[in-house]
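Residue-level structure breakdown
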There are 2 protein chains.
Amino acid sequence: MKSEDRQPRRYSSEESRRLLIEATLDSIVDVGFSNTSISEIVTRARLSRGMVHLYFDNKDALLVAAARHSAEVYYGTLSEQLKSAGSSPQAIVETVVLSDLGEDLLNERSIKIWFAFRGEAHANTAIAQYSDTRDDYLRDLIFKAFGEIAAAQGAPESEKVARDATHGTLALLEGMWTDYLLHSDSFSRASAARIIFRFLSALFPRYFNLNGAMSGKDLPCTSS
Amino acid sequence: MKSEDRQPRRYSSEESRRLLIEATLDSIVDVGFSNTSISEIVTRARLSRGMVHLYFDNKDALLVAAARHSAEVYYGTLSEQLKSAGSSPQAIVETVVLSDLGEDLLNERSIKIWFAFRGEAHANTAIAQYSDTRDDYLRDLIFKAFGEIAAAQGAPESEKVARDATHGTLALLEGMWTDYLLHSDSFSRASAARIIFRFLSALFPRYFNLNGAMSGKDLPCTSS
DNA sequence: CAAAATTATGGACATACATTCATTTTATGA
DNA sequence: TCATAAAATGAATGTATGTCCATAATTTTG
């Protein structure tokens, strides 16, 4: 009992930065963006007042760093889960949908953080930069997947269908996130996913059903 | 030029309340929720400091009143536009979708306000109460409409389809709002509507097409 | 026209805030 | 072991905040 198991007395500058960012996010989750003060942050981080300005130019820079960190975690997690996905376009789409609705990306904490930043984004261009999940990279990824599927299906106006499928899928995901924010008690990941796949199976009946991508992930898309 | 055309010197208490609420919303739009202070508000309202506490218990009560007012405007406008809609279930759904994407309900100002309140809702239960568009009333309205359509179409599991159609349509609308918030420059009301109707026409091909409800608004839904 | 009620003002107050900085503590390297 | 660098502290500062209230201006009532 002589040496209490307290935190190490001293962190590297990177550890301290990380600690402050996590404490900022904790504060946003617990008391909201507008009540997140330097005092709240340093108390939660168990650091002293001066630390924020030792490692960040000012409070705003810390908030921006926290928004940036959240975006990095989002895209990092998504990329990780995409690695273990099949290579067919249906599998890619399915993985994006299920990951985006999975607990790693969509949970009580993350949803509060995203909507807090979005609520302030229009008043802070630096934060706005990091307030968009599903940005161009993700959009391109599933647009290409839908492009392949639509072309293989041989429907008329296949590019237009692919564009609408992309837009619709991303909008549905956004909508499901909002639904989770406002009704987290009654929210069901399964039914959220089913509705999106219902949309996709209506557009591409040979490639999706209500449970996701059709079985046999590497079915030749071009066979009749 | 003797009597300058300035505002009347004195308002009724209701006018003052309204003025303060509008100024609060203006401030949220211009400088964001967290920068909206009493000083900001009274300056914009061209009233003196004491007025806020004359007509509201405190700043928080004013913010809640502003959130409430926004919700009332939303539902009031929507109800108004529903009055001039056809009575068929398709027409009701079409009106909800087009109203929700129309400029009266979805514009630069309203979207910033909604997302600002949503961002703070989880830290303020009083605001949370008014941060949900598309609440139970609206949900029931279009659920009944989809129920009629699904039953008339005679598909299996028609109630489940109606439930998914409701959830999906509302999620798509939420998603389109988010899209407008984050990419208002590239947002297109027409393509947002087309995507939602693409979803609906896939579920109910005899009742919707890419342009909305099928023509002949009062077609007998039960005919083969 | 006086009295009462309503609407409006802006200074005062304590508190909370972001920021600065002189100082101290701890770790590192010679 | 000591000098130097890195990490950490928390008191101090000035400003901004929400709230209160004594007072004034205006309207309404009797």
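Before going into details, it helps to say that this report is about the structure given with it. Note that the coordinates shown come from a computational prediction; the quantities given were computed from them, not determined experimentally. (Residues numbered from 1 in each chain as written. Chains lettered and ligands numbered in written order. Predicted model: local features only at pLDDT ≥ 70, side-chain atom pairs only at ≥ 80, totals over all residues. Heavy atoms only, no water.)

**Focus on the overall build of chain A**
Quick note on the threshold: Counting from the N terminus, the helices are the DSSP runs of H or I reaching at least four residues and the strands are the DSSP runs of E reaching at least two. Only protein chains enter the accessibility calculation, which uses a 1.4 Å probe; a residue whose area is less than 20% of its type maximum is buried, one above 50% is exposed, and one in between is partly exposed. In this analysis, two residues are considered to be in contact whenever any of their non-hydrogen atoms come within 4.5 Å of each other. Per-residue and other accessible areas follow the Shrake-Rupley method at a 1.4 Å probe size, with only the shown protein chains counted as cover for residues.
Counting its secondary structure elements, chain A contains 10 helices and 2 strands. In chain A, the succession of α and β elements from N to C terminus is α-α-α-α-α-α-α-α-α-α-β-β. Counting all 224 residues of chain A, 51% fall into the buried class. Put simply, 66% of the contacts in chain A that link residues at least 6 apart link residues at least 24 apart. As displayed, chain A has an accessible area near 10800 Å², and 48% of this comes from carbon and sulfur atoms.

**Some points on the protein's contact with DNA strand D**
The line we're drawing: Consider each residue's heavy atoms; a residue with any of them within 4 Å of a molecule or strand counts as near. We define a polar contact as two N or O atoms separated by no more than 3.5 Å, with the added condition that, inside protein, one atom must be a possible hydrogen donor and the other a possible acceptor, whereas residues neighbouring each other in sequence contribute only through side-chain atom pairs.
Contacts to DNA strand D come from 20 residues, most closely from Arg10(A), Tyr11(A), Ser16(A), Ile38(B) and Lys59(B). Among the atoms of DNA strand D lying within 4 Å of the protein, the sugar-phosphate backbone contributes 63%. Within the contact set of DNA strand D, a base oxygen lies 3.1 Å away from a side-chain nitrogen or oxygen of Arg49(B). Of all elements in the fold, only helix H1 (13–31) and helix H3 (51–55) of chain A together with helix H2 (38–45) of chain B reach the threshold of two or more residues within the surface near DNA strand D.

**Points about the protein's contact with DNA strand C**
Around DNA strand C there are 19 residues in total, and Ile38(A), Lys59(A), Arg10(B), Tyr11(B) and Ser16(B) lie nearest to it. Those atoms of DNA strand C that come within 4 Å of the protein belong to sugar or phosphate at a rate of 65%. A distance of 2.8 Å separates a phosphate oxygen of DNA strand C from a polar backbone atom of Ile38(A). Between DNA strand C and Ser13(B) there is a distance of 3.4 Å, counted from a phosphate oxygen to a backbone nitrogen or oxygen.

**Concerning the interface of chain B and chain A**
The cut-off we apply is this: Buried area: the sum, over both parts, of the accessible surface (1.4 Å probe) that disappears when the two are put together. Salt bridge, as applied in this entry: a Lys or Arg side-chain nitrogen positioned within 4 Å of an Asp or Glu carboxyl oxygen.
In this complex, chain B contributes 39 residues to the contact, which on the side of chain A involves 39 residues. Taking both partners together, chain B and chain A bury about 3400 Å²; carbon and sulfur atoms supply 62% of that area. The largest per-residue losses of area from chain B upon contact with chain A belong to His122(B), Asp164(B) and Arg198(B), which jointly make up 17% of the total buried on that side. At the junction of chain B and chain A, the tally comes to 4 salt bridges. With its nearest N and O atoms 2.9 Å apart, the salt bridge here joins Arg198(A) to Asp164(B). Broken down by secondary-structure element, the contributors of at least two residues to the side of chain B that touches chain A are helix H1 (13–31), helix H6 (108–121), helix H9 (158–182) and helix H10 (189–203) of chain B.

**Notes on the packing of H1(A) against helix H2 (residues 38–45) of chain A**
Residues and elements named next belong to chain A. Worth spelling out the cut-off: Only C-alpha atoms enter the line fits that serve as axes; for helices the fit covers just the stretch in contact. Angles between N-to-C directions range over 0 to 180 degrees. Crossings are assigned a handedness: left-handed for a near helix turned anticlockwise from the far helix by less than a right angle, right-handed for a clockwise turn. Under this grouping Gly is polar, as are all residues other than the nonpolar Ala, Val, Leu, Ile, Met, Phe, Trp, Tyr, Cys and Pro and the charged Asp, Glu, Lys and Arg.
Here H1 crosses H2 at 115°, and the two axes come no closer than 8 Å. Helix-helix and strand crossings are classified by hand; for H1 and H2 the assignment is right-handed. Across from Leu19, Leu20, Ala23, Thr24, Asp26, Ser27, Asp30 and Val31 in H1, the residues of H2 making contact are Glu40, Ile41, Arg44 and Ala45. Among the residues forming the contact of H1 with H2, the class breakdown is 6 nonpolar, 2 polar and 4 charged.

**Things to note about the environment of Arg139(A)**
The residue Arg139(A) is located in helix H8 (residues 136–153) in this model. With residues near it in sequence (within four places) discarded, Arg139(A) still touches Arg134(A), Thr166(A), His167(A), Leu170(A), Asp179(B) and His183(B).

**Considering the layout of surface pockets**
It is a probe the size of a water molecule, rolled over the atoms, that shows where empty space is left. For clarity, the threshold we go by: With a 1 Å grid laid over protein atoms only, a set of points is called a cavity when a 1.4 Å probe fits there but cannot get out and a pocket when it is open yet has protein on both sides within 12 Å along at least five of seven lines; lining residues have an atom within 4 Å of a point. Grid points are joined across faces, edges and corners, and a volume is the space filled by probe spheres set on the points.
Of the volumes computed, that of the largest pocket is approximately 320 Å³. Looking at the largest pocket, it is lined by 16 residues, and the ones nearest its centre are Arg139(A), Arg163(A), His167(A), Asp179(B) and Ser186(B). Residue assignment for the lining of the largest pocket shows that the elements contributing at least two residues are H8 and helix H9 (158–182) of chain A together with H10 of chain B. Here the residues of the lining of the largest pocket sort into 3 nonpolar, 6 polar and 7 charged.

**What about the environment of Ala171(B)?**
Tracing the backbone shows Ala171(B) in helix H9. The exposure class assigned to Ala171(B) is buried, which follows from its relative accessible area of 4%. Residues Ala171(B) and Gln81(B), spaced 90 residues apart in sequence, show a C-alpha to C-alpha distance of 21 Å. Beyond its immediate stretch of four places on either side in the chain, Ala171(B) contacts Ala171(A), Leu172(A), Gly175(A) and Met176(A).

**As for the packing of aromatic side chains**
So the rule is basically this: Two rings belonging to Phe, Tyr or Trp (six-membered ring only in the last case) form a pair when the distance between their centres is within 6.5 Å. Interplanar angles under 30 degrees mark stacking, angles over 60 mark edge-to-face geometry, and anything in between is tilted. Here, a charge over a ring means that NZ of Lys or CZ of Arg falls within 6 Å of the ring centre while also lying within 35 degrees of the ring normal.
According to the stated counting rule, one finds 18 aromatic pairs over all chains in the structure shown. Taken together, a centroid distance of 5.0 Å and an interplanar angle of 85° make the contact between Tyr74(B) and Tyr75(B) edge-to-face. For Tyr74(B), a relative accessible area of 3% translates into the label buried. Taking 5.6 Å as the distance between ring centres and 20° as the angle between the ring planes, the aromatic pair formed by Phe146(B) and Phe204(B) counts as stacked. Placement of Phe146(B) in helix H8 (residues 136–153) and of Phe204(B) in the loop between H10 and strand S1 (208–209) is noted, with a sequence separation of 58 residues between them. Note on accessibility: Phe146(B) and Phe204(B) belong to one class, buried. Among the aromatic side chains, those forming a connected cluster through ring pairs are Tyr74(A), Tyr75(A), Trp114(A) and Trp177(A). When the ring centre of Trp177(A) is taken as reference, the NZ or CZ atom of Arg134(A) above it lies at 4.1 Å.

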